[in-house]
Amino acid sequence: MSATCVCGSDLWPYRGIDPVQQPTPMGHEYVGIVEEIGSDVTTITPGQFVIGSFFASDNTCEICRAGYQSSCRHRESVGENGAQAQFLRVPLADGTLVATPDVPSDDLLPSLLAASDVLGTGWFGAVAAAAGPGKTVAVVGDGAVGLLGILSARQLGAERIIAMSRHESRQQLAREFGATDIVTERGVDGVAAVKELTNGLGAHSVIEAVGTQESMLQALRSTRPGGHVGYVGVSHDVTLPGEEMFFSHVHLHGGPAPVRRFLPELIDLIWNRTIDPGKVFDLTLPLDRAAEGYAAMDERRAIKALLRP
Ligand SMILES: [Zn+2]
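Residues numbered from 1 in each chain as written. Predicted model: local features only at pLDDT ≥ 70, side-chain atom pairs only at ≥ 80, totals over all residues.

Undergrad: Which parts of the structure should I look at to understand the overall build of the protein?
TA: A tally of helices and strands in the protein yields twelve helices and 14 strands. Here the C-alpha atoms of the protein give a radius of gyration of 19 Å, agreeing with the 19 Å that 2.2 N^0.38 yields for 309 residues. Projected onto its principal axes, the C-alpha positions of the protein cover 60 × 40 × 40 Å. Scored against the burial criterion, the 309 residues of the protein give a buried share of 50%. Here the contacts in the protein between residues at least 6 apart in sequence split such that 65% fall between residues at least 24 apart. (Helix = DSSP H or I, 4+ residues; strand = E, 2+ residues; numbered from the N terminus. Rg over C-alpha atoms; globule rule 2.2 N^0.38 Å. Buried ≥ 20, exposed ≤ 12 C-beta atoms within 10 Å, placed from the backbone. Contact = placed C-beta atoms within 7 Å.)

Here is the structure:
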């Protein structure tokens, strides 16, 4: 492993919201150099610098070929093996891993690591929300995924991007990534603020990057009729009101991001230095101080902690 990191979703078990019964390997974001391959591996070779995502996929089944590798028929969780470690076993290596053109220079590591999950997830959120030229995009959530949803929407050509954030340092990064407007209100007031910025209609595209009841309703209610919600925050006890959905005329699409679909394009954008998603890492620690990274993210002192084995 060249680098790994702490994910916002690692905070659910850290906080005890997802129960943990026994010592459990953690982490599912990874970049590194191939040390050994299994006997069935044909395209990945030792010495390559590779990036994969949280689900291993064969990249050949009908679901993978349709671009939904995170629902692959032969899907396996890489996270179960624990990426916050010196070494990681990645199943289905040929389908899961993408090699970079060369071993990258050190300054590219954070951005390439971001592609493993948070960038790929933010990108899927923007694609699922149909962000593109002429669109106004609102982003619910100012964690790493929300911030990179902003970068993704900008890269996909969105005309206007509304970041919903209360934290000054995160607002600043949101603007660097392409946000044109900031909304600090939440709930009913947050929806009203988005409508005020959009002629009373709501945004064309809303990226939901939190996963709570409040954030999901915020997203649904901030979207105009005919608009799209891309939801990529891991859902926790969310119940959608059927009647409100029926009358909203909103498209809903999301789920665990098929990061593998986007990896070649994202690696290319990072490699030629078009985008710099690694800016979401505002704390770097050696692996044996991982616990400090969890605490800093839990207390929102850090956006995202990078760990160096
Ligand atoms: Zn598959």
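Undergrad: Looking at this structure, how should I read the nonpolar core?
TA: In globular proteins that are soluble, nonpolar side chains generally tend to be buried together. In terms of nonpolar packing, the biggest core is built from 91 residues, with V137, V139, L148 and I150 touching the most fellow members. Shared between two domains, this core holds at least three residues of each, these being domain 1 (3-117 + 258-308) and domain 2 (122-254). Not counting residues up to four positions away in its chain, the partners in contact with I150 are V139, I161, A163, A174, F177, G178 and A179. (Core = buried A, V, L, I, M, F, W, Y, C linked by C-beta atoms within 7 Å. Domains from an automatic or database assignment.)

Undergrad: Before we go on, may I ask you to explain helix 12 (residues 290-298) in this structure?
TA: In an α-helix, one full turn covers 3.6 residues, which means residues spaced three or four apart are oriented alike. Residues of helix 12 that are buried include every one of A290, G293 and M297, and no others. Projected down its long axis, helix 12 carries its buried residues within an arc of 50°, all on one side. Buried residues along helix 12 sit against helix 1 (11-14), strand 13 (283-286) and strand 14 (305-308). Looking at the residues trailing helix 12, positive phi occurs at R300, about 55°. (Arc of directions from axis to C-beta.)

Undergrad: Before we go on, may I ask you to explain the sheet that holds strand 6 (residues 98-99) in this structure?
TA: In a beta sheet, neighbouring strands are held together by backbone hydrogen bonds and run either parallel or antiparallel to one another. Pairing within the open sheet is mixed, and its six strands lie in the order 6-3-2-1-14-13. Each edge of the open sheet carries a strand with a single partner, namely strand 6 and strand 13. The pairing of strand 2 (residues 30-33) with strand 3 (residues 49-52) spans four bridges and is classified as antiparallel. Note on strand 3: the bridge partner recorded for V31 is I51. (Pairing = 2+ DSSP bridges.)

Undergrad: Got a minute to help me understand the domain arrangement of the protein in this structure?
TA: Size of an interface: often given as the accessible area lost when the parts come together. Taken domain by domain, the protein comprises domain 1 (3-117 + 258-308) and domain 2 (122-254). Here domain 1 and domain 2 have C-alpha centroids that lie 25 Å from each other. Facing 14 residues of domain 1, the contacting portion of domain 2 comprises 14 residues.

Undergrad: Help me understand the pairing of strand 3, please; the structure alone is not making it clear to me.
TA: Every other side chain in a regular strand lies on the same face of the sheet, so the side chains alternate between the two faces. Here strand 3 shows a buried face lined by F49 and I51 and a second buried face lined by V50 and G52. Where strand 3 and strand 6 come together, two bridges link them in antiparallel fashion. The residue bridging V50 from the neighbouring strand is A99, located in strand 6.

Undergrad: I would appreciate a short explanation of the packing of helix 5 (residues 118-128) against helix 6 (residues 144-155) in the present structure.
TA: Two packed helices can be described by the angle between their axes and the distance between those axes. The geometry of helix 5 relative to helix 6 is characterised by a closest axis approach of 7 Å and an angle of 60° between their N-to-C directions. With respect to helix 6, the element helix 5 is oriented oblique. The crossing of helix 5 and helix 6 is right-handed. Contact residues: V118, L119, T121, G122, W123, G125 and A126 in helix 5; A144, V145, L148, G149, L151, S152 and A153 in helix 6. (Axes fitted to C-alpha atoms, helices over the stretch in contact; angles between N-to-C directions. Parallel < 35°, antiparallel > 145°, perpendicular 65-115°, else oblique. Left-handed = near helix turned anticlockwise from the far one by under 90°.)

Undergrad: Explanation requested: the environment of I267 in the structure shown.
TA: Checked against the element boundaries, I267 lands in helix 11 (residues 259-271). You can call I267 buried: it has 20 C-beta atoms within 10 Å. Taking the C-alpha atoms as reference, I267 lies 9.9 Å from L113; in sequence the two are 154 residues apart. Ignoring any residue separated from it by four or fewer positions in sequence, one finds I267 in contact with I51, V98, T100, L112 and A115.

Undergrad: Help me understand the environment of D181, please; the structure alone is not making it clear to me.
TA: Position of D181 among the secondary structure elements: in strand 9 (residues 181-183). The partly exposed category is assigned to D181, around which 17 C-beta atoms lie within 10 Å. The spatial distance from the C-alpha of D181 to the C-alpha of R221 is 18 Å, given a sequence separation of 40 residues. Discounting chain neighbours no more than four positions away, the residues touching D181 are R160, I162 and L197.

Undergrad: So what exactly am I meant to see when it comes to the sheet that holds strand 10 (residues 203-208) here?
TA: Within the open sheet, the six strands sit side by side as 9-8-7-10-11-12. Their pairing is parallel. Looking along the sheet, the strands with just one partner apiece sit at the ends: strand 9 and strand 12 (251-254). Averaged over all pairs of adjacent strands, the angle between their axes in this sheet comes to 20°, without regard to strand direction. Two elements, strand 7 (residues 136-140) and strand 8 (residues 160-164), share five bridges in a ladder whose sense is parallel. Paired with V140 across the bridge in strand 8 is M164. Helix-sheet contacts for helix 8 (residues 187-197) involve strand 7, strand 8, strand 9 and strand 10, and the interaxial angle to strand 9 is about 155°. Here helix 9 (residues 213-221) sits on the sheet and contacts strand 7, strand 10 and strand 11 (223-231); the angle it forms with strand 11, its principal contact strand, is near 145°.

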